[in-house]
Amino acid sequence: MKIKSIKLLFNPDLRKIQPEDYLRATGECFGLMILSSIILTYFFSPELFNENPILNRLGYNSIFISFLSYVPANYIALIFGVFGVYFAIHYNRYDLLRTRLNSSGLNSFKEKFSIYANLTYLFSLTAFLLVIFLNPENYPWANILIFIQFIFFRGMVVIANFLEYDTPNKFYKNYVLINSITSLIFISFLLINYINYDSCLASGGTNCKNTIPLYLGISIDYLWIIQGILYTFLPFQGESIKLQYSASFND
Amino acid sequence: MKTIDLIFKEKPEYIQPEDYLRAAGESLFLMLVIGAITSVIFVPEVFKSNPILERMGYNNFCVGFDMAPATYFAFPFGILYVYFSIQFSIYDRLRTVIVEDRLVQWKKNFSIITNNIYIVSIIGLPLLLLVNPMVSIWAHSLLFLQIVVVRALVVLANYLEYPKPSSKYTIYVYTYTLFSLIGFSFAIANYIHFDNAVANGASIVDPLIPVSLAMGVDYFWFFLMFLQSIIAEPGEKIYVKYNKLKLA
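Residues numbered from 1 in each chain as written. Chains lettered and ligands numbered in written order. Predicted model: local features only at pLDDT ≥ 70, side-chain atom pairs only at ≥ 80, totals over all residues.

Visitor: For this particular structure, what's the right way to read the pairing of strand β2 (residues 237-242) of chain B?
Guide: Consecutive side chains along a regular strand alternate between the two faces of the sheet. In this structure, strand β2 (residues 241-248) of chain A lies alongside β2(B), joined through six bridges in antiparallel fashion. Bridge pairing in β2(B) links Ser248(A) to Lys237(B). By the bridge criterion, two bridges tie strand β1 (residues 14-15) of chain B to β2(B) in an arrangement that is antiparallel. Among the inter-strand pairings, Tyr14(B) is bridged to a residue of β2(B), identified as Tyr239(B). (Pairing = 2+ DSSP bridges. Helix = DSSP H or I, 4+ residues; strand = E, 2+ residues; numbered from the N terminus.)

Written out as structure tokens, the structure reads:
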């Protein structure tokens, strides 16, 4: 399996653009962001695996956000994260361009929904990187709310991209349905755990724990991550955009 | 504003690489303004005491976005700066390949190499928001200063590709390159001088470079950066033709 990110940055084939390549590059960068945060935390702050604010509230370590905010892991995570956002912006641009280029066209509701969902997702993705700046030790709510908005808007963009297909297959339909339900349950679980933990602390509790049973919380969290990996690395391949270029000073 | 045009109304029929460089400049300007306003409201004390002021004797424009919460507001514009800068590099490289017949080999190589280096260098901007001067003044400043130097090389390479630049454009490019190098040298000299003086027991250190001179060079560099969209002459437009598909 070739690394897409490097090729797309330094030697892209701009005469044949496959938007899904950019989606895969986004996945690579976000995968490396998470992997580097776990590995660097393991070497530099291993105590965080046993004690951190997210673990206290959820009862388990979320591999997606638990270790993104700590020095020195956050420096490397930010580099991969910024490139991930860059590729995500491109995926959205090229996907929208392909939608416009397709002569079949979309009805106005679907087209508008697709455009707004994709644009909102770009802002959401950029905002998501702020979790790297906002340490959950100091800002537990800001940290988790940024993650929650990302889960929500990602769910919306998956639906929007699905609506662009005239005849989606059954697997894709099921994927979108399951992903939407998982995203909503995941958001609810995070909110319930955080609200109840704060209530417990406010009422003087000393041994506050997660409200959602551990096995349920972990299952939904990991199911959401697996769906993200599936969407990124097994993209539902659309048509490639073929281009020819010329350059001149004339308008 | 090019930033708004390229985000919401990008034209797929043609690409003007310099538009992306201009949008990057606008993003940096917004980053500075939003950061400064936020700092004035929430952490005004940062303008009275900070590690850059101690070493240079004046407040650099970037001081405005160095402290939270200004960092959080400045960050999205930093992402825009990275996006537009990488786009410029990729499209400028594409144009270099398209017009290679009229370029001598070294100019072509210089352009492609500087564009590739810029793609790596530019990541320093969001990173310096995380590595603020209180974390490490050297790492923070070097992340910014390397962008200053690499960007000057990119602007120079873009100029060298241009077939018949006007004298105004020529003067601008050489002035910008010179001021980028002088600004870099002044900062390094002041930082080394400060570290040596502190190591020798000094508690208050006067900057090595006269404040008015260093500040003049620094502020003039920013002014030159914003002048770029007015003075720099854009190269060829890249016209794009889509095979088989038609624009809906």
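Visitor: Quick question: what am I supposed to make of the pairing of β2(A) here?
Guide: Across two bridges, the pairing between strand β1 (residues 16-17) of chain A and β2(A) is antiparallel. Across the sheet, residue Lys16(A) finds its bridge partner in β2(A), namely Lys242(A).

Visitor: Sorry, what's going on with the packing of helix α5 (residues 105-121) of chain B against helix α7 (residues 137-161) of chain B here?
Guide: Two packed helices can be described by the angle between their axes and the distance between those axes. All names here are of chain B. As a packed pair, α5 and α7 sit with axes 9 Å apart at the nearest point and diverge in direction by 150°. Judged on the interaxial angle alone, α7 and α5 are roughly antiparallel. Once α5 is placed against α7, the crossing between them reads as left-handed. Contact with α5, carried on its side by Lys107, Phe110, Ser111, Thr114, Asn115, Ile117, Tyr118 and Ser121, involves Gln146, Ile147, Val150, Arg151, Leu153, Val154, Ala157, Leu160 and Glu161 of α7 and no other residues of that element. Across the contact of α5 with α7, the residue classes tally to nine nonpolar, five polar and three charged. (Axes fitted to C-alpha atoms, helices over the stretch in contact; angles between N-to-C directions. Parallel < 35°, antiparallel > 145°, perpendicular 65-115°, else oblique. Left-handed = near helix turned anticlockwise from the far one by under 90°. Contact = placed C-beta atoms within 7 Å. Nonpolar A, V, L, I, M, F, W, Y, C, P; charged D, E, K, R; others polar.)

Visitor: Could you clarify how one ought to interpret the confidence of the model for chain B in this entry?
Guide: Parts of the model with low pLDDT should not have their predicted coordinates read in detail. Here chain B averages 91 in pLDDT, while 98% of its residues score no lower than 70. Interface scoring of the predicted complex returns ipTM 0.89; its pTM is 0.90. (pLDDT = per-residue confidence, 0-100.)

Visitor: Explain the environment of Leu21(B) to me, please; I cannot follow it from the model alone.
Guide: Residue and element names in this part refer to chain B. Here Leu21 lies in helix α2 (residues 17-42). Judged by local crowding, Leu21 falls into the buried class, with 25 C-beta atoms found within 10 Å. Along the sequence, Leu21 and Ile98 sit 77 residues apart, while their C-alpha atoms lie 19 Å from each other. (Buried ≥ 20, exposed ≤ 12 C-beta atoms within 10 Å, placed from the backbone.)

Visitor: Would you mind showing me how to read the interface of chain A and chain B here?
Guide: Interfaces are often sized by the accessible area lost when the parts come together. Taken together, the contact pairs 31 residues of chain A with 34 residues of chain B. Broken down by secondary-structure element, the contributors of at least two residues to the side of chain A that touches chain B are α1 (4-10), α4 (73-101) and β2 of chain A. Sorting elements by how many residues they give to the side of chain A that touches chain B places α4(A) first, with 11 residues. Within the side of chain A that touches chain B, the residues separate by chemical class into 21 nonpolar, eight polar and two charged.

Visitor: Would you explain the packing of helix α5 (residues 108-128) of chain A against helix α6 (residues 140-163) of chain A in this entry?
Guide: Residue and element names in this part refer to chain A. The geometry of α5 relative to α6 is characterised by a closest axis approach of 8 Å and an angle of 150° between their N-to-C directions. Taken together, the axes of α5 and α6 lie roughly antiparallel to each other. Seen along the crossing, α5 lies across α6 with a hand that is left-handed. Contact with α5, carried on its side by Lys110, Phe113, Ser114, Ala117, Asn118, Thr120, Tyr121, Ser124, Leu125, Ala127 and Phe128, involves Ile146, Gln149, Phe150, Phe153, Arg154, Met156, Val157, Ala160 and Leu163 of α6 and no other residues of that element. In terms of residue class, the contact of α5 with α6 is made up of 13 nonpolar, five polar and two charged.

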